[in-house]
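Commentary on secondary and tertiary structure
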Amino acid sequence: QVQLVESGGGLVQAGGSLRLSCAASGLTFRNYGMGWFRQAPGKEREFVAAIMWSGGTTYYKDSVKGRFTISRDNAKNTVYLQMNSLKPEDTAVYYCAASGPWEITTMAQKYDYWGQGTQVTVSS
């Protein structure tokens, strides 16, 4: 049974930082592309960042480039999202997801497994 468990969310002031973690189990983590998505109240889920199985390639939503960094530790079966210079518009529930083996994609429908999400709230 595949499980993705996010942690690290919370309340932070604008300009602050948070580091999200996603611990994976039940899959051969090192083979999977991983991504982070977010969903704000009343809005659709949107892509934030993705990383290739090897960590060699990353994709970002334009509005987070230069502020967010996705990384992974295949020895710990964990993917991270370092979020700096946070803005109120970054407020959302953040989800990690695992795409198919050997893939990296920005498309939510190509992700096979999802975590339960962690709330990030940025106050102005």
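Described in the following lines is the structure provided in the data block.

Thresholds applied
- Residues numbered from 1 in each chain as written.
- Predicted model: local features only at pLDDT ≥ 70, side-chain atom pairs only at ≥ 80, totals over all residues.
- Heavy atoms only, no water.
- Buried < 20%, exposed > 50% of the residue type's maximum accessible area, 1.4 Å probe, protein only.
- Helix = DSSP H or I, 4+ residues; strand = E, 2+ residues; numbered from the N terminus.
- Pairing = 2+ DSSP bridges.
- Axes fitted to C-alpha atoms, helices over the stretch in contact; angles between N-to-C directions.
- Polar contact = N/O pair within 3.5 Å; in protein donor to acceptor, adjacent residues only side chain to side chain.
- Core = buried A, V, L, I, M, F, W, Y, C linked by side-chain atoms within 4.5 Å.
- Contact = heavy atoms within 4.5 Å.
- Salt bridge = Lys/Arg side-chain N within 4 Å of Asp/Glu carboxyl O.

With that settled, consider the pairing of strand 9 (residues 92-101). Looking along a regular strand, one sees the side chains alternate between the two faces of the sheet. Within strand 9, eight of the ten residues are buried, which leaves it mostly tucked inside the rest of the structure. The sheet contact formed by strand 4 (residues 32-39) and strand 9 spans seven bridges and is antiparallel. From the neighbouring strand, Met-34 faces strand 9, where its bridge partner is Ala-98. Pairing of strand 9 with strand 11 (residues 118-123), which is carried by three bridges, proceeds in the antiparallel orientation.

What follows is about the sheet that holds strand 1 (residues 3-7). One open sheet holds the four strands; their spatial order is 1-3-8-7, and the pairing between them is antiparallel. One side of each edge strand has no neighbouring strand; the edge strands of this open sheet are strand 1 and strand 7 (68-73). Strand-to-strand twist across the sheet, computed as the mean angle between neighbouring axes with direction ignored, equals 15°. Alignment of strand 1 against strand 3 (residues 18-25), held across five bridges, turns out to be antiparallel. Paired with Leu-4 across the strands is Ala-24, a residue of strand 3.

Next up on the list: the environment of Ser-54. Among the structural elements, Ser-54 can be located in the loop between strand 5 (46-51) and strand 6 (58-60). As for Ser-54 and Ala-40, which are separated by 14 residues in sequence, their C-alpha atoms are 30 Å apart. A distance of 3.1 Å separates a polar side-chain atom of Ser-54 from the backbone nitrogen of Gly-56.

Another aspect to go through is the nonpolar core. In terms of nonpolar packing, the biggest core is built from 27 residues, with Met-34, Trp-36, Leu-81, Met-83 and Tyr-94 touching the most fellow members. Elements supplying a minimum of two residues to this core: strand 3, strand 4, strand 5, strand 7, strand 8 (78-83), strand 9 and strand 11. Apart from residues no more than four positions distant in its own chain, Leu-81 is found in contact with Leu-18, Arg-19, Leu-20, Trp-36, Val-48, Ala-49, Phe-68, Thr-69, Ile-70 and Tyr-94. Judged by nonpolar contacts, the second largest core, of six residues, contains Phe-47, Ala-50, Ile-104 and Tyr-111.

Under the criterion given, the structure shown has five salt bridges. Across the salt bridge formed by Arg-38 and Glu-46, the nearest N and O atoms sit 2.6 Å from each other. In this structure, the salt-bridge partner of Asp-90 is Arg-67, at a minimum N-O distance of 2.8 Å. Note that Asp-90 is positioned in the loop between strand 8 and strand 9 and Arg-67 in the loop between strand 6 and strand 7, a separation of 23 residues in sequence. Judged by relative accessible area, Arg-67 falls into the buried class, the value being 10%. One salt-bridge network, in which partners are shared between bridges, spans Arg-38, Glu-46, Lys-61, Arg-67 and Asp-90.

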